[in-house]
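Tertiary structure, described
Next come the chains, spelled out residue by residue.
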Amino acid sequence: MEQDVVRVVIDWLKESSNIIILTGPELSLESGIPDFADSKFNPNIREFRENPAVREAYWQKIGKLYPVLSQAEPNSAHKAVAELEIICNVDYIFTGSTDGLQQKSGSSSVVELLGSILWVTCPNCGKDYSLEQINTQLQDGKKIPACEECNNDLLKPPISFPGQPLPHWELREAWMKLYNCDLFFIIGAYLDDSPLSSLQTIAAESGSKIAIVNERQSEADNYADAVIYGKPTMVISHIVSQIKKDIKAS
Ligand SMILES: [Zn+2]
């Protein structure tokens, strides 16, 4: 962690009046929670719809991960982001995570850009189920969960699988909000691919400062005014404790 850059980012966080934070799956990966929106994790949508074996493999994988997910607690990075919302002028927390851990840490203004793994929808009748209800079906021996209303077995979480467009409405909302921010703070998220890569472009166009905390380099670094390389759990906790010290001293 380069202390000069850290200090600059701390000052921006204290001075900015419309901050938007973007968190990514890297925060949860540090707690052993996989990236459920990763195209490598999910099957192609056409294969999922047409091939029962593909659906069965997907749901068996989710069933195995469910205990880890349901017992997961926010780590120090999630908690530090929640604290930033209280001590700085944070308007929104966008997240590319789908596991709900940022909300569980107490954050209130979370916008899930890529959907959520915690609920599942029937494409036929529109009935929603919690992942817990679906897991009960799996634990009862059902290989592919089915809708209790219409018996359709193409249920899936509202996450884009390969071959599906990303949630359009959420992204549009994000673009609108970015035009009004003066600091876009990206933590543990990699915006290398379209359409998420559009976020840093819009922030840059709107004249907002861009600060990044990531373990490794990414395309977005080219747009950033400051980049801190390090684990989000370490860097954000350090930044928050420093801001709190500054507030106490002033
Ligand atoms: Zn149904």
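Residues numbered from 1 in each chain as written. Predicted model: local features only at pLDDT ≥ 70, side-chain atom pairs only at ≥ 80, totals over all residues. Heavy atoms only, no water.

1. Section: the pairing of strand β1 (residues 19-23)
Counting buried residues in β1 gives five out of five residues, a clear majority hidden from the surface. Burial of the side chains of β1 extends over both faces: I19, I21 and T23 are buried on one face and I20 and L22 on the other. As paired strands, β1 and strand β2 (residues 90-95) are joined by five bridges and run parallel to one another. Paired with L22 across the bridge in β2 is F94. Summarising the sheet, β1 and strand β6 (residues 183-187) pair through five bridges and their orientation is parallel. (Buried < 20%, exposed > 50% of the residue type's maximum accessible area, 1.4 Å probe, protein only. Helix = DSSP H or I, 4+ residues; strand = E, 2+ residues; numbered from the N terminus. Pairing = 2+ DSSP bridges.)

2. Considering the sheet that holds β2
If you walk across this open sheet you meet the six strands as β3-β2-β1-β6-β7-β8, and the pairing is parallel. Single-partner strands in this sheet number two, and they are β3 (110-112) and β8 (226-229). When the angles between neighbouring strand axes are averaged without regard to direction, this sheet yields 15°. Here helix α5 (residues 76-87) sits on the sheet in contact with β1, β2 and β6, set at roughly 155° to β2. (Axes fitted to C-alpha atoms, helices over the stretch in contact; angles between N-to-C directions. Contact = heavy atoms within 4.5 Å.)

3. With respect to the pattern of salt bridges
Considering all chains together, one arrives at nine salt bridges under this definition. The partner of D11 in a salt bridge is R7, and the shortest N-O contact between them spans 3.1 Å. Of this pair, D11 and R7 both sit in helix α1 (residues 3-15), four residues apart, which is roughly one turn of that helix. Two residues, E173 and K177, come together in a salt bridge whose shortest N-O distance is 2.8 Å. Of this pair, E173 and K177 both sit in helix α8 (residues 168-178), four residues apart, which is roughly one turn of the helix. Among the charged side chains, a network of salt bridges with common partners joins R7, D11, K14 and D246. (Salt bridge = Lys/Arg side-chain N within 4 Å of Asp/Glu carboxyl O.)

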